[in-house]
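Here is how the chains run, residue by residue.
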Amino acid sequence: KYVVGSLKKFDSVTQKFYQLSCGCLERSPPSSPNSCSLFTPILPLAHPIHRQTYSQWKYSMFVNTIFSRKRGRNLYLLPIGPFPETIINTEVARLRLWNFLKDFAAAFFLGLQVHILPEVPLDDIKCTKRVHKNTQQVQVLVGDIFPYLQKMCPPDGYSVIGVSWTDLYPSEDLNFVLGEASFVHHSAVISFGRFEPQLYKDGRKVRECGIETEDEKASMLVKLIKSLCHETCHLMGLSHCVFFQCLMNESSSMEQALQQPLFLCPVCLRKLQKICKFEIRERYGMLREMLLKCCESVECQYFVDSMKWLDQCLFFLGNDAERTS
């Protein structure tokens, strides 16, 4: 209860699933085989000041509602152009990239509606720019984009997530950032111009976009999905997770981010479910369908492993549902 709150309103299967979070406060690996196989606790334990339990998250969200208007139940994706022709024409399972992202976000945030706003040119946004000393590419100060995105959010929107190809940087002393969210502005922005692993080497651009291998396209898709879901979760008040290996773990490098799961741990999932009001088994089933589309489009072990993990979860939930019926 300390980390996931009261579970009385849930059925016994959902309760047992959330109770897998019990192992995250143990100072040694948990003895339960279920918790070991589905969720891996982070050891050693983080200091309590860095933990965000469900109860702490719920209280902070309650305080926030006092000082802001009620949010709608619609997420809006805003393409910020221009984009290379190869990106515009990219398809995943016969879906254009933007439609695929919309469908994936709709499965991940099941219960909210996801929409795509008309593309806007970066030149329409008043923001600070610089030229990176190594790549010689234009970069945009990410904090300058949030006020614009906030204005672009329709009245029925929960938040707006800008998606840009142009490189971003958070401050003068830092090289770049893949994405950032502003809870105050209810907006986030991600850039995937750096997602191609061979586009840059040692911080320098080594070739132009458009001649990627299948492996590189798969890698770009993985990072794009993870960045989109990670930053959107921040807009819902989720802090970086220190309980389990989880999508909401903090990362300090591209390599570290790639090693993290595509899915939320029980603590973070409990928070997201409070907002979206989804049924866990239905959500996992829809995410599995989206990953199947990914596997049909590109060869990627990360997607295959993610599907296997989902199958384990659905097996756990399904078996318990049969025993309680």
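Below, the structure is looked at part by part.

About the criteria used
Residues numbered from 1 in each chain as written. Predicted model: local features only at pLDDT ≥ 70, side-chain atom pairs only at ≥ 80, totals over all residues. Heavy atoms only, no water. Helix = DSSP H or I, 4+ residues; strand = E, 2+ residues; numbered from the N terminus. Buried < 20%, exposed > 50% of the residue type's maximum accessible area, 1.4 Å probe, protein only. Contact = heavy atoms within 4.5 Å. Areas by Shrake-Rupley, 256 points an atom, 1.4 Å probe, with all protein chains shown as cover. Phe/Tyr/Trp six-rings, centres within 6.5 Å; stacked < 30°, edge-to-face > 60°. Lys NZ or Arg CZ within 6 Å of the ring centre and 35° of its normal. Pairing = 2+ DSSP bridges. Axes fitted to C-alpha atoms, helices over the stretch in contact; angles between N-to-C directions. Core = buried A, V, L, I, M, F, W, Y, C linked by side-chain atoms within 4.5 Å. Patch = residues over 30% accessible without salt bridge, like charges linked within 9 Å, V, L, I, M, F, W, Y side chains within 5 Å. Salt bridge = Lys/Arg side-chain N within 4 Å of Asp/Glu carboxyl O. Lys, Arg positive; Asp, Glu negative; His and termini not counted. Charge placed at Lys NZ, Arg CZ, Asp CG, Glu CD. Parallel < 35°, antiparallel > 145°, perpendicular 65-115°, else oblique. Expected span 1.5 Å × (residues − 1).

## Description of the overall build of the chain
Each helix and strand counted, the chain has 11 helices and 13 strands in total. A buried classification covers 51% of the 325 residues belonging to the chain. The long-range fraction of contacts in the chain, counting pairs at least 24 apart against all pairs at least 6 apart in sequence, stands at 70%. In the form shown here, the chain has an accessible surface area of approximately 15,700 Å², with 54% of it arising from carbon and sulfur atoms.

## Some thoughts on the packing of aromatic side chains
Summed over all chains, the structure comprises 16 aromatic pairs. Ring centres 6.2 Å apart and planes at 25° place the aromatic pair Phe-83 and Phe-192 in the stacked group. Here Phe-192 lies in the loop between β11 (187–191) and β12 (200–201) and Phe-83 lies in the loop between β1 (74–81) and α4 (85–88), a separation of 109 residues in the sequence. Accessibility assignment for this pair places Phe-83 and Phe-192 in one class, buried. Among the aromatic residues, ring-to-ring pairing joins Phe-10, Phe-17, Tyr-18, Phe-39, Phe-244, Phe-263, Tyr-284, Trp-309 and Phe-316 into one connected group. Against the face of Tyr-18 rests Arg-270, its NZ or CZ located 6.0 Å from the ring centre. Across from the ring centre of Tyr-54, 4.1 Å away, lies the NZ or CZ of Arg-270, which sits over that ring.

## Side note on the sheet that holds strand β7 (residues 138–141)
For sheets, the rule is that strands pair by backbone hydrogen bonds, running either parallel or antiparallel. With mixed pairing, the three strands of this open sheet are ordered in space as β6-β7-β9. Edge positions in the open sheet fall to β6 (129–131) and β9 (167–169), since each of these has one partner strand only. Taking each pair of neighbouring strands and ignoring which way they run, the sheet shows an average axis angle of 40°.

## Observations concerning the nonpolar core
Formed by 83 residues in total, the largest nonpolar core has its most connected members in Phe-17, Phe-104, Phe-108, Phe-109, Leu-264, Tyr-284 and Phe-303. At 10 residues, the largest contribution of residues to this core is made by helix α7 (residues 214–235). For Phe-303, the residues in contact, after removing those within four places along its chain, are Ala-218, Leu-221, Val-222, Ile-225, Leu-291, Cys-294, Cys-295 and Val-298. Among the nonpolar cores identified, the runner-up in size contains 19 residues, and Tyr-76, Leu-122, Cys-153 and Leu-168 belong to it.

## Some remarks on unusual backbone geometry
The peptide bond linking Leu-43 to Pro-44 adopts the cis configuration, its omega dihedral lying at 0°. Mapped onto the elements of the fold, Pro-44 is located in the loop between α2 (33–38) and α3 (54–67). For His-186, which is not a glycine, the phi torsion comes out positive at approximately 50°. In the Ramachandran plot, Lys-277 falls in the positive-phi region, its phi being about 65° despite a non-glycine side chain. As for its placement among the helices and strands, Lys-277 is situated in the loop between α9 (266–276) and α10 (280–297).

## Thoughts on a positive patch on the surface
The grouping of Lys-9, Lys-58, Lys-70, Arg-73 and Lys-277 at the surface amounts to a positive patch. Residue position: Lys-58 is located in helix α3.

## Digging into a nonpolar patch on the surface
Together, Tyr-59, Phe-62 and Ile-66 line one region of the surface with nonpolar side chains, adding up to about 370 Å² of accessible area. When you line up the elements, Phe-62 lands in helix α3.

## Details of the pattern of salt bridges
One pass over the structure, following the stated rule, counts seven salt bridges. Ionic pairing is found between Glu-91 and Arg-96, a salt bridge with its closest N-O pair at 3.6 Å. Judged by its relative accessible area of 40%, Arg-96 is partly exposed. Residues joined in a network through salt bridges with shared partners are Asp-11, Glu-279 and Arg-281.

## Some words on the packing of α9 against α10
Contact geometry for α9 and α10: axes closest at 12 Å, N-to-C directions at 100°. It follows that α9 is roughly perpendicular to α10 by the angle criterion. When α9 is examined against α10, the residues Leu-269, Leu-272 and Gln-273 are found in contact with a partner set consisting of Ile-280, Arg-283 and Tyr-284.

## Section: α7
Here α7 spans 32 Å end to end across 22 residues, near enough to the 32 Å set by a 1.5 Å rise per residue. Among the residues trailing α7, Gly-237 stands out with phi positive, at a value near 90°.

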